[in-house]
Amino acid sequence: MTDVKNLEELFQAKVDGELKIEPKDWMPDGYRKNLVRQISQHAHSEVVGMLPEGNWITRAPNLRRKAILLAKIQDEAGHGLYLYSAVETLGTTREKTVDDLLGGKAKYSSIFNYPTLTWADIGAVGWLVDGAAIMNQVMLCRTSYGPYARAMVRICKEESFHQRQGYEIMSVLSKGTPEQREMAQDALNRWWWPSLMMFGPSDANSPHSAQSMKWKIKRQSNDELRQTFIDRTVQQAEVIGLKVPDPKLKWNESTQHYDSGEIDWTEFNNVVAGNGPCNKERLAARNKAHDDGAWVREAAMAYAAKKAKRKAA
Ligand code: 3HC
């Protein structure tokens, strides 16, 4: 009888050999649990992430911007459904995963608990939030769990459009009237630090990173991805004449990276704990949408049951 130790060794050898783990493969309970945790939170982030942007659909400055914003938000819904399906391959039902979010039990990315106050925020969200998400999701295209890696390949293709359209909004505003330039700078000031928090706590304070790296769920650490994001985005800000709100930001010739100021981890922990500016509003909106959509789920389930009965007859 192959004991668990042997199974674990075979599993790790597969991961180390860059073979994908598939749903029917044996996997340690911890690996499964870690993936359900991360992928479900990723899915929740995609779905809740629609809310801050949805706030501006009716107020987009023109038809072109409205069409782009609508397309982006619809993409996010699709990303959420893709990732909820990936969670189901691990044996967790969709209902349980969604109930965990609606009941306030499950996390989603802290970034979506900030308000979108002006149209420039829609630019900052696309440029910074989707920009940070891409940094992380391109890395996840190489994650060891097959369904998650494949979902990421599809999602990253759409994510790059999200980032480009956001950067274009900021670029147009920064070349506009003084009020438009100020609106773009104000949005950068408010979204910069919360975007850095998307990469998670520092490596020293990340309880999951070591194991996630060993299982190749994560291929780069939180701090590594955050640094790449800073190095790239600071230059993008300079190109459009905006200033990153970090007085300690300085190019370090010897490391070839930007040195930057310290993230406010108290704010991070507060928002993650549910005390951010919009946490309650986001959860209430998700619960209302779920309740309002009950009839669609019931109709779809009734249709499926009737079809199955006809087939069985
Ligand atoms: N917001 C909320 N919770 C966060 C967080 C954040 N910004 N960063 C970390 N956390 C949580 C983790 O979930 C974990 O809590 P848990 O044990 O209850 O799950 C805890 O803080 C410790 O963090 P770790 O770094 O140890 O956790 P991970 O190894 O899971 O790393 C992560 C955190 C890098 C966010 C990782 O979970 C990940 O890569 N997730 C998938 C990508 C993702 O979710 N991106 C966020 C947004 S998606 C998006 O923006 C979509 C775009 O289209 C708009």
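As shown above, the structure is provided for reference.
The sections below set out a description of the structure shown in this document. Note that the structure is a prediction, hence the values are computed from the model and not measured. The residue numbering used here restarts from 1 in each chain and proceeds along that chain's sequence as written. Local features in this predicted model are restricted to residues whose pLDDT is 70 or higher, and side-chain atom pairs enter the listing and the counts only when it is 80 or higher, whereas totals over whole chains, interfaces and linings include all residues. The side-chain values count all of the structure's non-hydrogen atoms but skip hydrogen atoms and water molecules.

Some points on helix α4 (residues 63–88)
Stage number 1. The end-to-end C-alpha separation of α4 is 38 Å, in line with the 38 Å expected for 26 residues at 1.5 Å each.
Stage number 2. N or O atoms within 3.5 Å of each other form a polar contact, as long as, within protein, one can give a hydrogen and the other can take it, and as long as residues adjacent in sequence are counted only when both atoms are side-chain atoms. Helix and strand labels come from DSSP, where a helix needs a run of H or I of at least four residues and a strand needs a run of E of at least two; each type is numbered from the N terminus. The N-cap residue of α4 is asparagine 62: its side-chain oxygen and the backbone nitrogen of arginine 64 are 3.1 Å apart. Expected span of a helix, by definition, is 1.5 Å for each gap between consecutive residues, and there is one gap fewer than residues.

Description of the pattern of salt bridges
Stage number 1. We count a salt bridge whenever a side-chain nitrogen from Lys or Arg sits within 4 Å of a carboxyl oxygen from Asp or Glu. Per the counting criterion, the structure on display carries 19 salt bridges.
Stage number 2. Between lysine 288 and aspartate 292 there is a salt bridge; the shortest N-O distance is 2.5 Å. Residue lysine 288 and its partner aspartate 292 are located together in helix α12 (residues 279–292), separated by 4 residues, close to a single helical turn.
Stage number 3. Remark: exposure states derive from per-residue accessible area (1.4 Å probe, protein chains only) relative to the maximum for the residue type, with buried under 20%, exposed over 50%, and partly exposed in between. Judged by relative accessible area, which is 44%, aspartate 292 ranks as partly exposed.

Topic: the packing of aromatic side chains
Stage number 1. Aromatic contacts are taken between Phe, Tyr and Trp rings whose centres are within 6.5 Å, Trp giving its six-membered ring; a plane angle under 30 degrees counts as stacked, one over 60 as edge-to-face, and the others as tilted. By the definition in use, this model includes 10 aromatic pairs.
Stage number 2. Between tyrosine 31 and tryptophan 215, the ring centres sit 5.6 Å apart and the planes meet at 90 degrees, which makes this aromatic pair edge-to-face. Within this pair, whereas tyrosine 31 is found in helix α2 (residues 29–48), its partner tryptophan 215 is found in the loop between α9 (209–214) and α10 (222–239), the two being separated by 184 residues in sequence. Residues tyrosine 31 and tryptophan 215 agree in their burial class; the two are buried.
Stage number 3. Centre to centre, the rings of tryptophan 265 and phenylalanine 268 are 5.3 Å apart; their planes meet at 90 degrees, and the pair counts as edge-to-face. A residue pair is termed a helical-turn pair when its members lie 3 or 4 positions apart in one helix, as tryptophan 265 and phenylalanine 268 do in helix α11 (residues 265–275) at 3 residues.

Remarks on the layout of surface pockets
Stage number 1. Approximately 1000 Å³ is the volume attributed to the largest pocket.
Stage number 2. Elements represented by at least two residues in the lining of the largest pocket include exactly α2, α4, α6 (119–140), α7 (146–174) and α11.
Stage number 3. By residue number, the principal contributor to the lining of the largest pocket is α6, which donates 9 residues.
Stage number 4. Residue polarity is assigned by list, with Asp, Glu, Lys and Arg as charged and Ala, Val, Leu, Ile, Met, Phe, Trp, Tyr, Cys and Pro as nonpolar; anything else, Gly included, falls into the polar class. Split by residue class, the lining of the largest pocket holds 16 nonpolar, 15 polar and 9 charged.
Stage number 5. Taken as a whole, the second largest pocket holds about 560 Å³ of empty space.
Stage number 6. For the second largest pocket, the lining is made up of 18 residues, of which Leu81, Arg94, Val98, His290 and Arg297 are closest to its centre.
Stage number 7. At 5 residues, the largest contribution of residues to the lining of the second largest pocket is made by helix α5 (residues 94–102).
Stage number 8. Along the lines of polarity and charge, the residues of the lining of the second largest pocket split into 10 nonpolar, 2 polar and 6 charged. Detection works on a 1 Å grid of protein atoms alone, calling trapped sets that fit a 1.4 Å probe cavities and calling open sets with protein on both sides within 12 Å along at least five of seven lines pockets, with lining residues defined by an atom within 4 Å of a point. Grid points are joined across faces, edges and corners, and a volume is the space filled by probe spheres set on the points.

Considerations on the site of the ligand
Stage number 1. Proximity is defined per residue: any heavy atom of the residue falling within 4 Å of a molecule or strand makes that residue near it. Near the ligand there are 30 residues, and of these Glu76, Lys107, Ser206, His208 and Lys218 occur at the shortest range.
Stage number 2. Within the contact set of the ligand, an oxygen atom lies 3.4 Å away from a side-chain nitrogen or oxygen of aspartate 130.
Stage number 3. Coverage of the ligand by the protein amounts to 90% of the 1000 Å² it exposes when considered alone.
Stage number 4. The rule for placing a molecule in a cavity or pocket is simple: more than half of its atoms must lie within 2 Å of the grid points. In this structure the site holding the ligand corresponds to the largest pocket.
Stage number 5. When residues of the shell around the ligand are traced back to their parent elements, those giving at least two are α2, α6, α7 and α11.
Stage number 6. The residue makeup of the shell around the ligand, split by class, is 12 nonpolar, 11 polar and 7 charged. Computed by Shrake-Rupley with a 1.4 Å probe, the accessible areas treat only the displayed protein chains as cover when residues are assessed.

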